[in-house]
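# Chain and residue survey
Below, each chain spelled out in residue letters.
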Amino acid sequence: MAEAAAGGADLLLTAFGPAPLSRTAGEAFGIPVIGTYLVPAFATGQFPLPNARSTDGLGPEDNLAAGRDVLRRAEGVFAGAVARLRARLGVPAGAPSAPVDIRPVFHGFSPLVVPRPEDWPAWVEVAGYWWPARPDGWQPPVELVDFLQAGPPPVFIGFGSMAAGQGERLSKLVAAAVKRAGVRAVVQAGWADLNGCGADVLAIGDVPHDWLFPRTAAVVHHAGAGTTAAGLRAGVPAVPVPVMADQPFWASRLYELGVAPRPVPFQDLTAEALGDAITACLSEPAHRRRAAELARGIAAEDGTASLLAHIGPESAG
């Protein structure tokens, strides 16, 4: 980041996590910093921010306080790194902390999923989703195509970068849950290194979600921002199994939006709980109807338009 700024960058785009470092680099090199956040990152009275210590039954004032606490803690995580970066870049330690502020800020999720709170600053926007490009020339594995064609749409099960080192335990749990629910499943290895066996379960590596998810009956996932978005884009219901960070927030949103049954927190995950959640998801037609409605609305959005409109004049200057 600092190297890019020192090399003559016109502006910096920053995610929410490293925003304090990006702000310091912008200050050092005199270039604007634009926020490109994938999670809500401004305190609001309408809901507690992701990572809030308390989320149940809060009123507007409590939501605001919880959100401000989240933001203070996020700044604190990077306090030492910011001090070291300021020293490295020659920014005086006693200088004001943010003469170069991060603004505007664009949130890369759909307003249909999280509507923009009215009490956010005017320069904070909910832009819509930003989709990753599918790798050039990518083709699905033959065994995956054959499996999809061999029976009814399977359930996708994957935990992304979560649960590293728990592959053996989780693989047995998933196999039992799939059998309990009476479904076919595509299991993505992920960092946990899940595996599958039997005629009704196929284990795969990385596959673009925009290709796979529309071919499934439902998606079981850890409710990270990206996987949540991909499931909504595909118009399929979900079974959220949140682990940490912003995942409980997105899992709750999926439930509140009507596209998923109640989340199954990862720490409470059992074969019985997962199997029953899959059954509950598939047996309620309203989940799929609502997912399809949201997918149509999301498809009509252009999440990059406002961001690119702003970057154009900034980068040209």
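Details of the structure are given in the entry above.
Throughout what follows, the structure given in this document is the object of discussion. The shown structure was predicted, so the numbers you read here are calculated from the model rather than taken from an experiment.

On the basis of which strands lie adjacent, the open sheet formed by 4 strands has the order E1-E2-E3-E4 and parallel pairing. Each end of this open sheet is capped by a strand with a single partner; those strands are strand E1 (12-14) and strand E4 (124-126). For this sheet, the mean angle separating the axes of adjacent strands, direction not counted, is 20°. In this sheet, strand E2 (residues 33-37) lies alongside E1 in parallel orientation, the contact comprising 3 bridges. Among the inter-strand pairings, Thr14 is bridged to a residue of E2, identified as Gly35. Running at roughly 165° to E1, helix H2 (residues 19-29) makes contact with E1, E2 and strand E3 (102-107) of the sheet.

Of the two faces of strand E6 (residues 185-188), the one holding Ala185 and Val187 and the one holding Val186 and Gln188 are both buried throughout. Sheet analysis places strand E5 (residues 155-157) next to E6, joined by 3 bridges and oriented parallel. Within E6, the residue paired with Val155 across the bridge is Ala185. Viewed along the sheet, the connection from E5 through helix H6 (residues 167-181) into E6 turns out right-handed.

Counting along an α-helix, one turn takes 3.6 residues, and residues three or four places apart therefore face a common direction. If you check which residues of helix H5 (residues 142-149) are buried, you get Leu144, Phe147 and Leu148. Projected down its long axis, H5 carries its buried residues within an arc of 100°, all on one side. The exposed residues of H5 that point more than 90 degrees off its buried face are Val142 and Gln149. Where the residues of H5 are buried, they touch E6, strand E7 (201-204) and helix H7 (209-212).

Moving on to the pairing of E2. Across the 5 residues that make up E2, a large majority, 5, are buried. Of the two faces of E2, both are covered, the one formed by Val33, Gly35 and Tyr37 as well as the one formed by Ile34 and Thr36. Between E1 and its parallel partner E2, the chain crosses via H2, and the hand of that crossover is right-handed. Both E2 and E3 contribute to a ladder of 4 bridges, which runs parallel. Across the sheet, Val33 pairs through a bridge with Ile102, a residue of E3.

Read across the open sheet, the 5 strands follow the order E7-E6-E5-E8-E9; overall the sheet is parallel. Only two strands of the sheet have a single neighbouring strand rather than two, namely E7 and strand E9 (238-240). The sheet shows a mean angle of 15° between the axes of neighbouring strands, direction not considered. The pairing of E6 with E7 spans 4 bridges and is classified as parallel. Residue pairing across strands places Ala185 opposite Val201, the latter belonging to E7. This element, H5, spans E6 and E7 of the sheet and lies at about 155° to E7.

All chains considered together, the criterion is met by 10 salt bridges. Among the ionic pairs, Glu75 bridges to Arg23, the shortest N-O distance being 3.0 Å. Highlighted residues: Glu75 in helix H3 (residues 60-77) and Arg23 in helix H2, separated in sequence by 52 residues. Note that Arg180 is salt-bridged to Asp276, the shortest N-O span being 2.8 Å. Of this pair, Arg180 sits in helix H6 while Asp276 sits in helix H10 (residues 271-283), placing them 96 residues apart in sequence. Overall, the relative accessible area of 47% leaves Arg180 in the partly exposed class. Using a relative accessible area of 39% as the deciding quantity, one classes Asp276 as partly exposed. It is possible to trace a salt-bridge network through shared partners that takes in Arg53, Asp69 and Arg73.

This next bit is on the nonpolar core. Within the largest apolar cluster, 54 residues are counted, with the highest numbers of intra-cluster contacts made by Val113, Leu144, Leu212, Leu232 and Trp250. Once residues within four sequence positions are removed from consideration, Trp250 is found in contact with Leu38, Val39, Pro40, Phe109, Val113, Val114, Ala223, Gly224, Ala225 and Thr228. One finds Val174, Ala177, Ala218 and Val264 within the second-largest nonpolar core, a separate group that totals 29 residues.

Cut-offs applied
- Residues numbered from 1 in each chain as written.
- Predicted model: local features only at pLDDT ≥ 70, side-chain atom pairs only at ≥ 80, totals over all residues.
- Heavy atoms only, no water.
- Pairing = 2+ DSSP bridges.
- Helix = DSSP H or I, 4+ residues; strand = E, 2+ residues; numbered from the N terminus.
- Axes fitted to C-alpha atoms, helices over the stretch in contact; angles between N-to-C directions.
- Contact = heavy atoms within 4.5 Å.
- Buried < 20%, exposed > 50% of the residue type's maximum accessible area, 1.4 Å probe, protein only.
- Right-handed = clockwise from strand over helix to strand, strands pointing away.
- Arc of directions from axis to C-beta.
- Salt bridge = Lys/Arg side-chain N within 4 Å of Asp/Glu carboxyl O.
- Core = buried A, V, L, I, M, F, W, Y, C linked by side-chain atoms within 4.5 Å.

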